[in-house]
Amino acid sequence: MGNFSQTNKKMKRLITIWVFLAAAFSTQSQHLNVMTFNIRMNTPNDSLNAWPYRKDLAASQILFHRVHSVGLQEALPEQMKDLAERLKGYKHVGVGRTDGKNKGEHSAIFYDTSRLEVRNSGTFWLSETPEKAGSKGWDASLPRIVTWAEFFDKASGKTFWHFNTHFDHKGEVARRESSKLLMAKVKEMAGDTPAIITGDFNATPNEEPIRLLLTADDSLRFTDSKEVSLRPHYGPIGTFNGFTNKETTNEPIDFIFIRNNVKVLQHASLSQTWGGRYSSDHFPVYAEIEL
């Protein structure tokens, strides 16, 4: 009887441990890894930092961190093709900002098809005529866009939205008005559904476009994922390196914002190098979230 009792107790402990581990694994498997990544346009002017020398590095960062949804900026058609070839198991949504087809830079979203299913997707322009392809807004120097996707997460059975953008680098009015339009569109489209908003906003936290996003009325306001991460931020705070040996400022211009009951587990700026060279002139920003 003694041996049987001891064996029974051991079995109960093993079962308890197994249930605990199974529950932990199940919870972890529902975490989503998201990223915003300005990959820097393809130009020979960048010399040894030009895209042909960086395309494998950029793809490897997305793959290594097992990113489920990544918003890209400055992706020209040939760069879209290069990444599509390297990101096996991924598909993408998005169009060129110049003609609404394939011309010009894309603010595309690449997503892991083993985890996510697109329910709906599209693009609008940051202008007074958001549905007009190629339209420039306010004092912007170039057409600017927001690509969006409504995703179904196969692991959790939940739906969320991903909006990805790149604000103008010159137009101050355009950046301010882009923030207002973006908030209005996210509210209109996503409603109360969890949403992530990624992008290169060409503005720091103390500048008007970001202040608007973070201090607007409760029905519109975004939350900076870095500020609510359960674990402290990892990596540089500044996100632009300009292909120099470190970030050029201690202020970010690339952000992952959240809305509607999104929990942020950890947040990072990824600054690794290969022989002293970066994958882009911006650091990718990464967050692990839970819907």
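What comes next concerns the included structure.

About the cut-offs
- As a convention, each chain's residues are numbered from 1 in the sequence order in which they are written.
- Confidence filtering applies because this is a predicted model: local features only for residues at pLDDT of at least 70, side-chain atom pairs given and counted only at 80 or more, and all residues used for totals across whole chains, interfaces and linings.
- No hydrogens and no water enter the side-chain calculation; it runs on all heavy atoms of the structure.
- Note: two strands are recorded as paired if DSSP finds a minimum of 2 bridges between them.
- Each helix is a run of DSSP H or I of at least 4 residues and each strand a run of E of at least 2, with the numbering of both proceeding from the N terminus.
- We call two residues in contact whenever any of their non-hydrogen atoms come within 4.5 Å of each other.
- Structural elements are reduced to axes, namely lines fitted to C-alpha atoms, with helices fitted over the stretch in contact, and the angle between N-to-C directions of any two is expressed from 0 to 180 degrees.
- Each residue is placed in one exposure class: buried if its accessible area under a 1.4 Å probe, protein chains only, is under 20% of its type's maximum, exposed if it is over 50%, and partly exposed if it falls in between.

### A closer look at the sheet that holds strand S10 (residues 254-259)
Consideration 1: Taken together, 6 strands build an open sheet; the order of strands is S5-S6-S7-S8-S10-S9 and the sheet is mixed. The open sheet terminates on both sides in strands that have one partner only, identified here as strand S5 (116-125) and strand S9 (223-224).
Consideration 2: Note that strand S6 (residues 145-153) and strand S7 (residues 159-166) share 7 bridges and pair antiparallel. Within S7, the residue paired with Ala149 across the bridge is His162.
Consideration 3: Set on the sheet, helix H4 (residues 172-190) makes contact with S5, S6, S7, strand S8 (195-200) and S10; between it and S7 the angle comes to about 160 degrees.

### Points about the pairing of S10
Consideration 1: Of all 6 residues making up S10, 6 are buried, and the element is well covered by its neighbours.
Consideration 2: Of the two faces of S10, the one holding Asp254, Ile256 and Ile258 and the one holding Phe255, Phe257 and Arg259 are both buried throughout.
Consideration 3: Pairing geometry for S8 and S10, over 6 bridges, is antiparallel. Counted as the bridge partner of Thr198 is Ile256 from S10.

### Quick word on the sheet that holds strand S2 (residues 69-73)
Consideration 1: Spatially, 6 strands are ordered S3-S4-S2-S1-S12-S11 in an open sheet, and the strand pairing comes out mixed. For this open sheet the edge positions go to strand S3 (90-93) and strand S11 (263-269), each flanked by a neighbour on one side alone. Along the sheet, successive strands turn relative to each other by an average axial angle of 20 degrees, direction set aside.
Consideration 2: By the bridge criterion, 5 bridges tie strand S1 (residues 32-38) to S2 in an arrangement that is parallel. Residue pairing in the sheet places Phe37 in a bridge with Leu72 of S2.

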